[in-house]
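Observations on chain architecture
Chain by chain, the residues:
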Amino acid sequence: MNFAQETLISRRSIFSFTDRPVDRDLLEEAFEAARHAPCHKHTHPWKFFVMGESTRLRLIPSVERIVRIKNPEATLQHVEKARQKILGPPELIAVTSRKSPDDPFREEEDYAATVCALHNLVLSLWSRGVGAQWSTGAITRDPVVPEVLGVPEHEERVIGFIKVGYPEEVPLAKKKALDEIRFYLS
Ligand SMILES: Cc1cc2nc3c(=O)[nH]c(=O)nc-3n(C[C@H](O)[C@H](O)[C@H](O)COP(=O)(O)O)c2cc1C
């Protein structure tokens, strides 16, 4: 199997990371891959924000609020687990896509292009042994995020966070068989 195919097929979402830091060079290489994603009308609607410790800490009051709203019985352990989802990953990247309130089709195409860019980033990292997980958990959709990123909410949609780091383990994932998804028509 060639290296590209091997990278595509072996990639899994990684849910637990080692403490090993990810070199800035590997992040830059991955952003370079993201930059080359396909994009109709060349709108390049994506932006990536690598959130350092103080930026992440600004999200924590909202993380704690969300946990307690979801589960009024939340224990300190529940709250700590939610905090670690933000503070724990070696790198945490917020991804935004440009909104087009007056043009829903443009906004949809731009979202699709941003997802291509995001996946280029993930695959580039994976090709270097670095894992990632896309998260669309409640905190990623909280109004605090655009505020902390400094992006106007009416211009940019936060489409999720990418957690990045070296895998502690690589999980299995169920996939549909080829026969269920591919149809050659006459
Ligand atoms: C749009 C999108 C949002 C996701 N959001 C979450 C999430 O909030 N939490 C989570 O644990 N995984 C999330 N994932 C990762 C999926 O759970 C994962 O892709 C799925 O289990 C399939 O595994 P694989 O990526 O290893 O093929 C998300 C994936 C996508 C594509």
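Residues numbered from 1 in each chain as written. Predicted model: local features only at pLDDT ≥ 70, side-chain atom pairs only at ≥ 80, totals over all residues.

Moving on, we get to unusual backbone geometry. The backbone of His42 shows a phi angle near 50 degrees, a positive value even though the residue is not glycine. Within the secondary structure layout, His42 lies in the loop between helix 2 (24-35) and strand 1 (46-50). Within the chain, His44 stands out as a residue other than glycine whose phi angle is a positive 40 degrees. If you trace the backbone, His44 turns up in the loop between helix 2 and strand 1. Its 14 C-beta neighbours within 10 Å are what place His44 among the partly exposed residues. (Helix = DSSP H or I, 4+ residues; strand = E, 2+ residues; numbered from the N terminus. Buried ≥ 20, exposed ≤ 12 C-beta atoms within 10 Å, placed from the backbone.)

Quick look at the environment of Thr114 now. Considering the arrangement of structural elements, one finds Thr114 in helix 5 (residues 104-127). C-beta crowding within 10 Å serves as the criterion here: with 26 such atoms nearby, Thr114 is assigned to the buried category. As a C-alpha pair, Thr114 and Asp25 span 89 residues in sequence and 22 Å in three-dimensional space. Non-local contacts of Thr114, meaning those with residues more than four positions away in its chain, are made with Pro45, Trp46, Val95, Ser97 and Ile159. (Contact = placed C-beta atoms within 7 Å.)

We now examine the sheet that holds strand 4 (residues 156-165). Taken together, four strands build an open sheet; the order of strands is 1-2-4-3 and the sheet is antiparallel. A strand with exactly one partner marks an edge of an open sheet, and here the two such strands are strand 1 and strand 3 (131-135). The average undirected angle you get between the axes of adjacent strands in this sheet is 25 degrees. (Pairing = 2+ DSSP bridges. Axes fitted to C-alpha atoms, helices over the stretch in contact; angles between N-to-C directions.)

With 31 residues, the main nonpolar core has Ile93, Ala94, Leu118, Leu121, Leu125, Ile162 and Val164 as its most contacted residues. Listed by contribution, the elements that provide at least two residues to this core are helix 2, helix 3 (53-70), helix 4 (76-87), strand 2 (91-98), helix 5, helix 6 (144-149) and strand 4. Element by element, the count of residues in this core is highest for helix 5, at six residues. Apart from the residues within four sequence positions on either side, Ala94 is in contact with Phe49, Met51, Val145, Leu149, Val158 and Phe161. (Core = buried A, V, L, I, M, F, W, Y, C linked by C-beta atoms within 7 Å.)

Here the focus is the site of the ligand. Neighbouring the ligand are Arg12, Ser13, Gln133, Trp134, Ser135, Thr136, Gly137, Gly160 and Ala173. Among the elements that line the shell around the ligand, the one with the most residues is strand 3, at three residues. Its residues assigned to classes, the shell around the ligand comprises two nonpolar, six polar and one charged. (Near = placed C-beta within 6 Å. Nonpolar A, V, L, I, M, F, W, Y, C, P; charged D, E, K, R; others polar.)

In the contact formed by helix 3 and helix 4, the axes pass within 9 Å of each other and the chain directions differ by 145 degrees. Considering how the two elements wind past one another, helix 3 and helix 4 form a crossing that is right-handed. Together, Arg56, Leu59, Ile60, Val63, Glu64 and Val67 of helix 3 and His78, Val79, Ala82, Arg83, Ile86 and Leu87 of helix 4 make up the contact between the two elements. Considering only residue class, the contact of helix 3 with helix 4 consists of eight nonpolar, one polar and three charged. (Left-handed = near helix turned anticlockwise from the far one by under 90°.)

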